[in-house]
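Summary of structural features
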Amino acid sequence: DQQVKQNSPSLSVQEGRISILNCDYTNSMFDYFLWYKKYPAEGPTFLISISSIKDKNEDGRFTVFLNKSAKHLSLHIVPSQPGDSAVYFCAASARAGFQKLVFGTGTRLLVSP
Amino acid sequence: KAGVTQTPRYLIKTRGQQVTLSCSPISGHRSVSWYQQTPGQGLQFLFEYFSETQRNKGNFPGRFSGRQFSNSRSEMNVSTLELGDSALYLCASRLAGESTDTQYFGPGTRLTVL
């Protein structure tokens, strides 16, 4: 049972445009969400997080939006740069207790010059 | 501050053998989690250790085991290797194990089973 889903395995965007990566979850107990970026042969790198008490969190070029009623979150990258080309994973957890992170299957973003 | 380190980075084994992977967390971090990444499967949670105790466990067979030492370093062991165990094994550490603590990942160990 895939509790965190990233339905788009890949996304291609031109440099300077907006990249929008989507993530859906099914577990209503999830109340903390994160995005990680992963380059080949490296471990994932933390990008940005959001708790369920917010619907938006911004950090530089990266903004995460959370729609709790739709159980949907998205990561916006503006403007996209070729160095953003990587696999992006969303992850979720329930904050009560020491809950594990549940990851999606990832979306490969390719930003072309 | 040094990041999460994993050794070895690459490993080739044959079916039936066993393997031990090592992870050193960021200094001061007491929680270590292990993940398996295979193509198309994302990161699948194996287990988490906190203060030398296994706190969470994923849906993996008993061939996968781990432990954590008093200095928070962790090892993962896979016995009776199968071809399907070929994967990137990632270790992540976080400060105190709270769900809102950011997990920091190591570079991974690439295991190939022949």
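Scroll up to find the structure this text is about.
What counts, and at which threshold
Residues numbered from 1 in each chain as written. Chains lettered and ligands numbered in written order. Predicted model: local features only at pLDDT ≥ 70, side-chain atom pairs only at ≥ 80, totals over all residues. Heavy atoms only, no water. Contact = heavy atoms within 4.5 Å. Buried area = accessible area lost by both parts, 1.4 Å probe. Polar contact = N/O pair within 3.5 Å; in protein donor to acceptor, adjacent residues only side chain to side chain. Helix = DSSP H or I, 4+ residues; strand = E, 2+ residues; numbered from the N terminus. Nonpolar A, V, L, I, M, F, W, Y, C, P; charged D, E, K, R; others polar. Disulfide = S-S within 2.5 Å. Buried < 20%, exposed > 50% of the residue type's maximum accessible area, 1.4 Å probe, protein only.

Quick look at the interface of chain B and chain A now. With 25 residues of chain B at the interface, the matching set in chain A holds 20 residues. Where chain B abuts chain A, roughly 1,800 Å² becomes buried across the two surfaces, and 59% of that area is made up of carbon and sulfur atoms. Taken together, the links from chain B to chain A amount to 2 residue pairs in polar contact (both at pLDDT 80 or more). For the side of chain B that touches chain A, the leading source of residues is strand β5 (residues 42-50) of chain B, giving 4 residues. Broken down by class, the residue content of the side of chain B that touches chain A amounts to 8 nonpolar, 11 polar and 6 charged.

Here the structure, examined in full by the defined rule, presents 2 disulfides over all chains. In this model C23 of chain A forms its disulfide with C90 of chain A; the gap between the sulfur atoms is 1.9 Å. Across the disulfide from C23 of chain A to C90 of chain A, rotation about the S-S bond amounts to roughly 60°, and the bridge is consequently right-handed. You can see C23 of chain A sitting in strand β3 (residues 19-25) and its partner C90 of chain A sitting in strand β9 (residues 86-93), a full 67 residues away along the chain. Neither residue differs from the other here; C23 of chain A and C90 of chain A are each classed as buried. Residue pairing for C23 of chain B: its cysteine sulfur links by disulfide to C91 of chain B, the two sulfurs lying 1.7 Å apart. Handedness here is read from the sign of the S-S torsion; for C23 of chain B and C91 of chain B, about -40°, the answer is left-handed. Residue C23 of chain B is found in strand β3 (residues 19-24), and its partner C91 of chain B is found in strand β9 (residues 87-94); the two are separated by 68 residues along the sequence.

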